[in-house]
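Fold and contact review
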Amino acid sequence: MDFPKLFDVKGKVVLVTGGSRGIGLMIATGFVQSGANVYITSRSAHVCTKVAKELNTLGPGRCFSIPANLQDLEEVKRLVKELEKREKHLDVLVNNAGATWGETIEDYPDSAFEKVINLNLKRVFSLTQACLPLLKANAVPSRPSSVINIGSIDGLKVPTQETYAYSASKAGLHHLTSHMAVKLGPDSITVNAIAPGAFPSKMMQATLDAFSDIIIASIPVGRLGSPEDIAGTCIYLSSRAGQYTTGAIIKVDGGVVVGGKL
């Protein structure tokens, strides 16, 4: 038993979607600082490239930019082709890119529902499917590849905001995670979901600006999530420590779902 290397991800090849900001950036930073070779993707080529350069100053790992608009299936395919030009295998896929939309139930637009479900659920399946040859290429039972889907506690409980498509997409993503875990286990690929609570991200910024005191008061541990909280969970799932964990929905929420006041 090699405890010193239990959480080692040095040299692993990692793809983080939506890796240029928010939770995705937290995760990418954690992997780079732990010695992994990390590819990040986002819609903006300028931002994606800029962030990759900044992460490369942190070391000891490396960060590379492959911009892509994951709403578009052809862009998903292009992303994977670009990755295949650079790598022979993929150890970790973090499906983090997502969107939300808030509107009253009477006025919620069909186009917004479609957009959110497409990116948060459908394209997670599309990208995982397209990455399967890379994920299988280096995977063995003693060293499985890892798919990590970023869900949400809003997929486990009814949120206070009227974000109908978002909560539905995350609940669906949690179940998709379980389904893929059963199917891909024999291929030495683990599939898990993380359900984050409140983290300081661009997606949550407007809500935090308006209700931060109320939100923090509702969290049993009394604080927002930190980069270490989310990145550490991803590193656990990607390392030797997490090789026997698959099909799990891991709440990283400070206790909100089980004991929060909201």
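Since the structure is predicted, the reported quantities are computational estimates derived from the model, not experimental observations.

A look at the overall build of the protein
- From N to C terminus, the protein includes eight helices and seven strands.
- The C-alpha atoms of the protein give 18 Å as radius of gyration, which agrees with the globular expectation for 262 residues (18 Å, within 12%).
- Each principal axis of the C-alpha atoms in the protein carries an extent, and together these give about 50 × 40 × 40 Å.
- Among the 262 residues that make up the protein, the fraction classed as buried is 49%.
- With an accessible surface of roughly 12,500 Å², the protein has 57% of that area assigned to carbon and sulfur atoms.
- Where the 27 positive side-chain charges of the protein centre and where its 23 negative ones centre are 8 Å apart.

Brief notes about the pattern of salt bridges
- Counted by the stated rule, this structure contains seven salt bridges.
- A salt bridge links Arg78 to Glu75, with the shortest nitrogen-to-oxygen separation between them at 2.8 Å. Taken together, the residues Arg78 and Glu75, both in helix α3 (residues 73-86) and three residues apart, mark about one turn of the helix.
- Its relative accessible area of 30% is what places Arg78 among the partly exposed residues.
- Note that Asp187 and Lys136 form a salt bridge whose closest N and O atoms lie 3.8 Å from each other. One end of the pair, Asp187, is in the loop between α5 (164-184) and β6 (189-196); the other, Lys136, is in helix α4 (residues 110-137), and 51 residues separate them in sequence.
- The class of Lys136 is partly exposed, set by a relative accessible area of 38%.

Here we look at α5
- Taking 1.5 Å as the rise per residue, α5 with 21 residues should run 30 Å; its terminal C-alpha atoms sit 30 Å apart, in good agreement.
- Every buried residue of α5 is accounted for by Ala165, Tyr166, Ser167, Ser169, Lys170, Leu173, His174, Leu176, Thr177, Met180, Ala181 and Leu184.
- In this structure, the buried residues of α5 make contact with α4, β5 (145-150), β6 and β7 (249-252).

Comments concerning unusual backbone geometry
- Put simply, Gly59 and Pro60 share a cis peptide bond, and its omega is 0 degrees.
- As for its position among the elements, Pro60 is in the loop between α2 (45-55) and β3 (62-65).
- Its identity is not glycine, yet Ser188 carries a phi of approximately 60 degrees, on the positive side.
- Assignment of secondary structure puts Ser188 in the loop between α5 and β6.

Some thoughts on the packing of α3 against α4
- Packing of α3 against α4 leaves a shortest axis separation of 10 Å and a crossing angle of 25 degrees. On the basis of the axis angle, α3 is roughly parallel to α4. The interaxial crossing formed by α3 with α4 has right-handed handedness. Of the residues in α4, those touching α3 at Leu73, Val76, Leu79, Val80, Leu83 and Glu84 are Arg123, Ser126, Leu127, Ala130, Cys131 and Leu134.
- Residues of the contact of α3 with α4, tallied by class, amount to nine nonpolar, one polar and two charged.

Some points on the UniProt feature "coiled-coil region" (unreviewed entry) in the protein
- Residues given the UniProt feature "coiled-coil region" (unreviewed entry) here are residues 66-96.
- In this annotation, residues 66-96 is assigned 45% helix and 13% strand; the end-to-end C-alpha distance for the span is 15 Å.

Brief notes about the packing of aromatic side chains
- Evaluated as defined, the whole model comprises three aromatic pairs.
- With 5.7 Å between their ring centres and 70 degrees between their planes, Tyr108 and Phe113 make a pair best called edge-to-face.
- Residue Tyr108 is classed as buried on the basis of its relative accessible area, which comes to 14%.
- Owing to a relative accessible area of 33%, Phe113 belongs among the partly exposed residues under this scheme.

So, helix α1 (residues 22-33)
- The terminal C-alpha atoms of α1, which comprises twelve residues, lie 17 Å apart, in line with the 16 Å expected from a rise of 1.5 Å per residue.
- Counting buried positions over the twelve residues of α1 gives ten, a clear majority of the element.
- When we look at burial in α1, the residues that qualify are Gly22, Ile23, Gly24, Met26, Ile27, Ala28, Thr29, Gly30, Phe31 and Val32.
- Positive backbone phi, at 95 degrees, marks Gly35, one or two positions downstream of α1.

Some thoughts on the pairing of β5
- Among the six residues in β5, six count as buried, and that is most of the element.
- Neither face of β5 is open: one carries Ser145, Val147 and Asn149, the other Ser146, Ile148 and Ile150, and all of them are buried.
- Summarising the sheet, strand β4 (residues 92-95) and β5 pair through four bridges and their orientation is parallel. Residue Leu93 lies in a different strand from β5, and its bridge partner there is Val147.
- Following the chain from β4 across α4 to the adjacent parallel β5, one finds a crossover that is right-handed.
- As paired elements, β5 and β6 share six bridges and run parallel to each other. When the sheet's bridge partners are listed, Ser145 is paired in β6 with Ile189.
- Between β5 and its parallel partner β6, the chain crosses via α5, and the hand of that crossover is right-handed.

Calculation rules
- Residues numbered from 1 in each chain as written.
- Predicted model: local features only at pLDDT ≥ 70, side-chain atom pairs only at ≥ 80, totals over all residues.
- Heavy atoms only, no water.
- Helix = DSSP H or I, 4+ residues; strand = E, 2+ residues; numbered from the N terminus.
- Rg over C-alpha atoms; globule rule 2.2 N^0.38 Å.
- Buried < 20%, exposed > 50% of the residue type's maximum accessible area, 1.4 Å probe, protein only.
- Areas by Shrake-Rupley, 256 points an atom, 1.4 Å probe, with all protein chains shown as cover.
- Lys, Arg positive; Asp, Glu negative; His and termini not counted.
- Charge placed at Lys NZ, Arg CZ, Asp CG, Glu CD.
- Salt bridge = Lys/Arg side-chain N within 4 Å of Asp/Glu carboxyl O.
- Expected span 1.5 Å × (residues − 1).
- Contact = heavy atoms within 4.5 Å.
- Axes fitted to C-alpha atoms, helices over the stretch in contact; angles between N-to-C directions.
- Parallel < 35°, antiparallel > 145°, perpendicular 65-115°, else oblique.
- Left-handed = near helix turned anticlockwise from the far one by under 90°.
- Nonpolar A, V, L, I, M, F, W, Y, C, P; charged D, E, K, R; others polar.
- UniProt positions renumbered as here; feature names shortened; annotations may be inferred.
- Phe/Tyr/Trp six-rings, centres within 6.5 Å; stacked < 30°, edge-to-face > 60°.
- Pairing = 2+ DSSP bridges.
- Right-handed = clockwise from strand over helix to strand, strands pointing away.

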